[in-house]
Amino acid sequence: MFLKKNKDFPVLFYSVILIFSSETLLLRLSPNLFPILCSIPLIFSGQIVSRKNFFFSIIITNTGFFFLYVNDVYFFDLNFTLRFFLNYFTTSTLIFFFFRLLNSYKRNLISSEKVIIFFTLFVLSLLLVFNFFYYYQIDHQELKDFISEFFSKVVKNSNIQENIISEEGINFLIKIIPSLNAFVLMTFIIINFFLTNIILKKMNFPRNYFIEFSKFFLPVKLFLIFNILILFTILLTGDLKFYFYSATIVLSFLIFYQGLIYSHQFLNSLELNFFLKISIIFLLFIFLG
């Protein structure tokens, strides 16, 4: 036991260094892609260290990045902004919960389907709380001006009629932006989990968690709830309407994921090259996005 405790500190230290250096490198290479790539170092760490060390790694790195933001520290010409910290804090929270679900699956407490379902419901809960207490309570004039200017440039450089852009349409887009971000974030967390597992397998690293996501099948009850939410988005008005819109968009991730599984199974039946399959799925995802 004493030997194990002695080993915990260096493992925790290297885990923190790995996350700090990797996240900083990602921010340096591509700030715009950081929100969708920052989950990779966290998944990598969570797959190779113990649950306790992973938990403390997340606490320490969040504390460190918050300190860098509050003190406006520049590190290799990088400015750790509030946006960076919120992106990292949100992603690390979701990853930690995701790994807790994976641990429950490993202990046969829940099925592989429920890992995806509970993860989606957790994201939806956080989104609704965020919208209720913050996002729907603030003024979005700066964002409205940006979107209006963006669409004006698009119209100017195309044959689209200018009256296609309305204030009502811009307000609608602004209201659903958090749910669209949540959908994209969940998608890339799952994709990054697969990619990280492939990398770890190639490197012969032991992995803490294995799961067969391909066995996922959307329960009929959730599909019915999804359709009821769509009905409410038609009948309701005001901010309440957008809460149901947000719930519909986030829950549609389950249907989207089911579609990806069917696409993968169809491609498997064609006996194509593995990298060609990945390319087709990636291009299909980009096209649909």
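My aim in this report is to walk through the structure given alongside it, one point at a time. Note that the coordinates shown come from a computational prediction; the quantities given were computed from them, not determined experimentally.

As enumerated under the stated definition, the model contains 34 aromatic pairs in all. Measuring from ring centre to ring centre gives 5.9 Å for Phe 183 and Phe 253, while their planes differ by 85°; the resulting arrangement is edge-to-face. Residue Phe 183 is located in helix H8 (residues 167-202), and its partner Phe 253 is located in helix H10 (residues 238-269); the two are separated by 70 residues in the primary sequence. This pair shows no difference in class: Phe 183 is buried, exactly as Phe 253 is. When the ring of Phe 193 is compared with that of Phe 194, the centres are 6.4 Å apart and the planes differ by 65°; the resulting orientation is edge-to-face. A relative accessible area of 37% means that Phe 194 is categorised as partly exposed. One aromatic cluster is present, built from ring pairs that chain together Phe 54, Phe 98, Phe 99, Phe 119, Phe 193, Phe 194 and Tyr 209. Above the ring of Tyr 136, the side-chain terminus of Lys 175 is found at 4.4 Å from the ring centroid.

On to the packing of helix H3 (residues 39-48) against H8, then. Where H3 contacts H8, the two axes come as close as 9 Å, and the packing angle between them is 55°. What the angle tells us is that H3 and H8 run oblique. In this structure, H3 meets H8 at a crossing whose hand is right-handed. Two secondary-structure elements touch here, H3 through Ser 39, Ile 40, Ile 43, Phe 44, Gln 47 and Ile 48 and H8 through Phe 188, Ile 189, Asn 192, Phe 193, Thr 196, Asn 197 and Leu 200. Taken together, the residues of the contact of H3 with H8 sort by class into eight nonpolar, five polar and no charged.

This part covers a nonpolar patch on the surface. A cluster of nonpolar side chains, contributed by Val 129, Phe 130, Phe 132, Phe 133, Tyr 134 and Ile 138, occupies part of the molecular surface with about 610 Å² of accessible area. As for its placement among the helices and strands, Tyr 134 is situated in the loop between helix H6 (112-133) and helix H7 (141-156).

A word on the nonpolar core. If you look at the biggest cluster of nonpolar residues, it comprises 62 residues, and the most contacted ones within it are Phe 98, Phe 99, Leu 102, Phe 119, Phe 216 and Leu 254. Counting residues per element, this core draws most heavily on H10, at eleven residues. Ignoring anything within four residues of it in the chain, the contact list for Leu 254 reads Ile 116, Ile 117, Thr 120, Phe 216, Leu 218 and Leu 222.

On to the side chain of Thr 120. Relative to the assigned elements, Thr 120 resides in helix H6. With residues near it in sequence (within four places) discarded, Thr 120 still touches Met 186, Val 250, Leu 251, Phe 253 and Leu 254.

At a closest axis distance of 10 Å, the pairing of H3 and helix H5 (residues 82-106) adopts a crossing angle of 30°. Considering only the axes of H3 and H5, their crossing is right-handed. Contact residues: Ser 39, Leu 42, Ile 43, Gly 46 and Gln 47 in H3; Tyr 88, Thr 91, Ser 92, Ile 95 and Phe 99 in H5. The class makeup of the residues in the contact of H3 with H5 is five nonpolar, five polar and no charged.

Rules and cut-offs
Residues numbered from 1 in each chain as written. Predicted model: local features only at pLDDT ≥ 70, side-chain atom pairs only at ≥ 80, totals over all residues. Heavy atoms only, no water. Phe/Tyr/Trp six-rings, centres within 6.5 Å; stacked < 30°, edge-to-face > 60°. Helix = DSSP H or I, 4+ residues; strand = E, 2+ residues; numbered from the N terminus. Buried < 20%, exposed > 50% of the residue type's maximum accessible area, 1.4 Å probe, protein only. Lys NZ or Arg CZ within 6 Å of the ring centre and 35° of its normal. Axes fitted to C-alpha atoms, helices over the stretch in contact; angles between N-to-C directions. Parallel < 35°, antiparallel > 145°, perpendicular 65-115°, else oblique. Left-handed = near helix turned anticlockwise from the far one by under 90°. Contact = heavy atoms within 4.5 Å. Nonpolar A, V, L, I, M, F, W, Y, C, P; charged D, E, K, R; others polar. Patch = residues over 30% accessible without salt bridge, like charges linked within 9 Å, V, L, I, M, F, W, Y side chains within 5 Å. Areas by Shrake-Rupley, 256 points an atom, 1.4 Å probe, with all protein chains shown as cover. Salt bridge = Lys/Arg side-chain N within 4 Å of Asp/Glu carboxyl O. Core = buried A, V, L, I, M, F, W, Y, C linked by side-chain atoms within 4.5 Å.

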